[in-house]
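Next come the chains, spelled out residue by residue.
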Amino acid sequence: MAVTAQPHPRLTVDEFFALPGEQRHTQLIDGEIVVNAPSGRHQRILLWLAYELETFRRAHPGLGEPGLEMDVPVGEFNVYLPDLWWSTPERVPGPLRFDGMPDLAVEICSPSTWRFDVGTKKDGYEAAGLPELWLVDTEADRVIVHRRSTPDAHRFDDTIEVGAGEHLTTPLLPGLTLDVAELFDR
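Rules and cut-offs
Residues numbered from 1 in each chain as written. Predicted model: local features only at pLDDT ≥ 70, side-chain atom pairs only at ≥ 80, totals over all residues. Heavy atoms only, no water. 1 Å grid on protein atoms, 1.4 Å probe; cavity = no way out; pocket = protein on both sides within 12 Å on 5 of 7 lines; lining within 4 Å. Points joined across faces, edges and corners; volume = space filled by probe spheres on them. Nonpolar A, V, L, I, M, F, W, Y, C, P; charged D, E, K, R; others polar. Helix = DSSP H or I, 4+ residues; strand = E, 2+ residues; numbered from the N terminus. Buried < 20%, exposed > 50% of the residue type's maximum accessible area, 1.4 Å probe, protein only. Polar contact = N/O pair within 3.5 Å; in protein donor to acceptor, adjacent residues only side chain to side chain. Contact = heavy atoms within 4.5 Å. Pairing = 2+ DSSP bridges. Axes fitted to C-alpha atoms, helices over the stretch in contact; angles between N-to-C directions.

> Talk me through the layout of surface pockets; I want residue IDs and the actual numbers.
In this structure, the largest pocket encloses a volume near 270 Å³. Glu 22, Gln 23, Arg 24, Asp 71 and Leu 81 are the residues nearest the centre of the largest pocket, which is lined by 15 residues in total. Within the lining of the largest pocket, the residues separate by chemical class into six nonpolar, four polar and five charged. When its volume is computed, the second largest pocket comes out at roughly 210 Å³. Lining the second largest pocket are 13 residues, with Pro 131, Arg 148, Thr 150, Pro 151 and Leu 172 positioned closest to its centre. Of the residues in the lining of the second largest pocket, the class split is five nonpolar, three polar and five charged.

Structure, rendered in structure tokens:
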């Protein structure tokens, strides 16, 4: 007699948020719970980026604010947890999570989640209207930027790669210039 595995039911966003306890470094991707195990380098890069964005915020009050690991519900079966985000005053998150999209999401390479970041999550962010996504590739020391060329663009229609010797900028934050070599010197 053959035994076949029963398909594992997918969790919905509501079921994920109803789970007991704190779900640290945990997200829901296509109805499956995915736990991120960030490396030391991942954390050092995250800390540097967060410091730079917070320094920019202090120098430019009123443009918005950065934050770390805030739940971003995307559709019925996804709750993304960007490593870092920037939100203008019009897109401020609620006390526990975003009700929509931030303006910028930053995902830093972790072996446990990178395949999701460059695939499923990128596609989900794009479909949900995220204006800009930075994928920080710690293996190749480059940042892949996906953005919309105009606010009403239906998809990410501008993709650039920024590496050592170059500077990362964004039209979302006029005046912000990040030295990519310094970013990866962690």
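> Tell me about the side chain of Asn 78, and please be specific about residues and values.
Turning to its location among the elements, Asn 78 is positioned in the loop between strand E4 (72–73) and strand E5 (79–80). Residue classification places Asn 78 among the buried residues on the basis of a relative accessible area of 10%. Reaching out from Asn 78, the side chain makes a polar contact with the backbone nitrogen of Asp 30 at a distance of 2.7 Å. Discounting residues that sit within four places of it in the chain, Asn 78 has contacts with Val 13, Leu 28, Ile 29, Asp 30, Val 72 and Pro 73.

> Lay out the sheet that holds strand E3 (residues 65–68) with the relevant residues and their values.
Spatially, six strands are ordered E3-E6-E7-E8-E9-E10 in an open sheet, and the strand pairing comes out mixed. Across the chains shown, the open sheet's two edge strands, defined by having one partner strand only, are E3 and strand E10 (158–163). Across the sheet, the mean angle from the axis of one strand to that of its neighbour is 15°, orientation sign disregarded. Bridge count between strand E9 (residues 142–147) and E10: six bridges; the pairing is antiparallel. Looking at E10, one finds that Ile 144 is bridged to Glu 161. This element, helix H2 (residues 40–59), spans E3, strand E6 (84–87), strand E7 (104–108) and strand E8 (132–137) of the sheet and lies at about 15° to E6.

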